[in-house]
Amino acid sequence: MTPSPIRLQRIDGVPVLRLARPERRNAIDRDTVRAVREAISELKAAGAPVAVLAAEPPTFCAGSDYAEIGGDLASNPVIGLTDALLDSPVFWVAAVEGAAIGGGVAMLTACPIVVAAESATFSLPERHLGLFPSGVLPYLEAVVGARAAFSASILAEPFSAAMAADLGLVTETVPEGAVQTRAVELAAALAQTPAVTADGRRAWQANFATDHFRQRRQTLFDLLPSSLPGVGASPHPRKEPA
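Residues numbered from 1 in each chain as written. Predicted model: local features only at pLDDT ≥ 70, side-chain atom pairs only at ≥ 80, totals over all residues. Heavy atoms only, no water.

1. Topic: the overall build of the chain
To be explicit about the condition: Secondary structure is summarised from DSSP: a helix means a run of H or I of at least four residues, a strand means a run of E of at least two, and numbering begins at the N terminus for each. The buried label applies to any residue whose accessible area, calculated with a 1.4 Å probe on protein chains only, is under 20% of its type's maximum; exposed applies above 50%, and partly exposed to all values in between. Contacts are residue-level and defined by heavy atoms, with any inter-residue pair within 4.5 Å sufficient. For every accessible area listed, the method is Shrake-Rupley and the probe measures 1.4 Å; residues are considered covered only by the protein chains on display.
The helix and strand inventory of the chain stands at 10 helices and 9 strands. Looking at the chain residue by residue over its 242 residues, the buried ones come to 52%. For the chain, contacts bridging at least 24 residues in sequence account for 72% of all contacts bridging at least 6. For the chain, the accessible area works out to roughly 10700 Å², and carbon and sulfur atoms hold 55% of it.

As structure tokens, this is what we get:
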């Protein structure tokens with residue numbers, strides 16, 4: 001039996017959705033997206049107003065699993081997962097330990113609160129693969145602004161949790177080993193005021209619901225090649241990300 005790519009558990013009464021593919025550095029494949037959507041449905045049915053998004057160490061998320069999708073950029077699963085988080089009725093508190101890479105950074109934009117270890121790192125290394133991260137850029141722009149998002153995208157240099165906090169991608173940094181505890185603590189506090197927390201979630205989601213964002217996302221998505229350079233041609237036509 002194939003192990004689940006995620007784990008959904010409760011810690012001190014708070015739901016924690018954990019990416020569980022450490023052998024793949026928690027890279028996102030289609031099965032992970034399906035599992036996350038199912039978990040979101042479960043959280044919705046349970047009436048959970050808030051949950052923690054975490055990952056099995058040592059890497060938070062290495063972006064899309066290009067080995068699984070065969071370099072097919074038209075069906076980028078990490079963008080599908082980011083949209084699933086953004087469309088959900090759950091307020092997400094991210095708990096980042098290790099590296100958030102490529103689409104792993106995009107996922108964090110769906111989380112209104114991001115707690116990161118002081119040792120965590122963030123990067124958009126796609127340029128080194130012969131690719132501009134057009135799929136991630138509009139999500140990052142919506143959170144940190146156009147210039148900061150573009151610089152991270154074109155320079156492809158890793159940046160620290162402290163810098164991520166300065167940019168506004170990260171809410172709070174804590175010592176290594178304290179990330180989950182702090183994320184659960186914040187989520188538990190938010191769960192005490194579910195109506196206000198739901199209003200806050202909708203306010204955050206509104207950043208990604210504008211005509212400008214949708215048009216910008218489509219414009220940038222159109223810049224993507226159909227396949228990852230060196231991996232092979234995509235068998236699918238280019239289409240709007242799911």
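2. Side note on helix α5 (residues 137-144)
Burial within α5 is extensive, with 7 of its 8 residues counted as buried. Among the residues making up α5, those that are buried are Leu137, Pro138, Tyr139, Leu140, Glu141, Val143 and Val144. Buried-residue contacts for α5 involve α3 (77-87), α4 (103-109), α6 (146-155), α7 (161-167), α9 (194-205) and α10 (211-221). Backbone geometry just after α5 places Gly145 at a positive phi near 100°.

3. As for the packing of aromatic side chains
Test applied: Note on aromatic pairs: the rings of Phe, Tyr and Trp (six-membered ring only in Trp) are paired at centre separations within 6.5 Å, and the planes decide the class, stacked below 30 degrees, edge-to-face beyond 60, tilted for the rest.
The tally for this structure, following the rule as stated, stands at 6 aromatic pairs. Residues Tyr139 and Phe213 carry aromatic rings whose centres are separated by 5.2 Å and whose planes lie at 80° to one another, so their mutual orientation is edge-to-face. Residue Tyr139 is found in helix α5, and its partner Phe213 is found in helix α10; the two are separated by 74 residues along the sequence. Classification of Tyr139 as buried rests on a relative accessible area of 0%. Residue Phe213 is classed as buried on the basis of its relative accessible area, which comes to 6%. Each ring, one from Phe208 and one from Phe213, has its centre 5.4 Å from the other, and the planes form 85°; the classification is edge-to-face. There is no split in this pair, since Phe208 and Phe213 are both buried.

4. With respect to the packing of helix α1 (residues 30-46) against α3
Let me state the cut-off plainly: Working convention: axes come from line fits to C-alpha atoms, limited for helices to the stretch in contact. Angles between N-to-C directions cover 0 to 180 degrees. Here the word oblique covers every angle except those under 35 degrees (roughly parallel), over 145 (roughly antiparallel) and from 65 to 115 (roughly perpendicular). The classification used treats Ala, Val, Leu, Ile, Met, Phe, Trp, Tyr, Cys and Pro as nonpolar, Asp, Glu, Lys and Arg as charged, and all other residues, Gly among them, as polar.
Two numbers describe how α1 lies on α3: the axes approach to 9 Å, and their chain directions differ by 10°. What the angle tells us is that α1 and α3 run roughly parallel. Taking contact as the criterion, the partners of Arg30, Thr32, Val33, Val36, Arg37 and Ile40 in α1 are, on α3, Pro77, Gly80, Leu81, Ala84 and Leu85. Here the residues of the contact of α1 with α3 sort into 7 nonpolar, 2 polar and 2 charged.

5. Some details on the sheet that holds strand β8 (residues 159-160)
Selection criterion: For two strands to be treated as a pair, DSSP must find at least two bridges joining them.
Spatially, β5-β7-β8 is the arrangement adopted by the 3 strands of the open sheet, whose pairing is mixed. Each end of this open sheet is capped by a strand with a single partner; those strands are β5 (99-101) and β8. Of the pairings in the sheet, the one linking β5 to strand β7 (residues 121-123) comprises 3 bridges and is parallel in character. Within β7, the position partnered with Ala100 by the bridge is Phe122.

6. Quick look at the sheet that holds strand β1 (residues 6-11)
Pairing is mixed across the open sheet formed by 6 strands, whose spatial order is β1-β2-β3-β4-β6-β9. With one partner strand each, in any of the chains shown, β1 and β9 (172-174) form the two edges of the open sheet. Sheet twist, expressed as the average angle between the axes of neighbouring strands with direction ignored, equals 25°. In this sheet, strand β6 (residues 113-117) lies alongside strand β4 (residues 91-96) in parallel orientation, the contact comprising 4 bridges.

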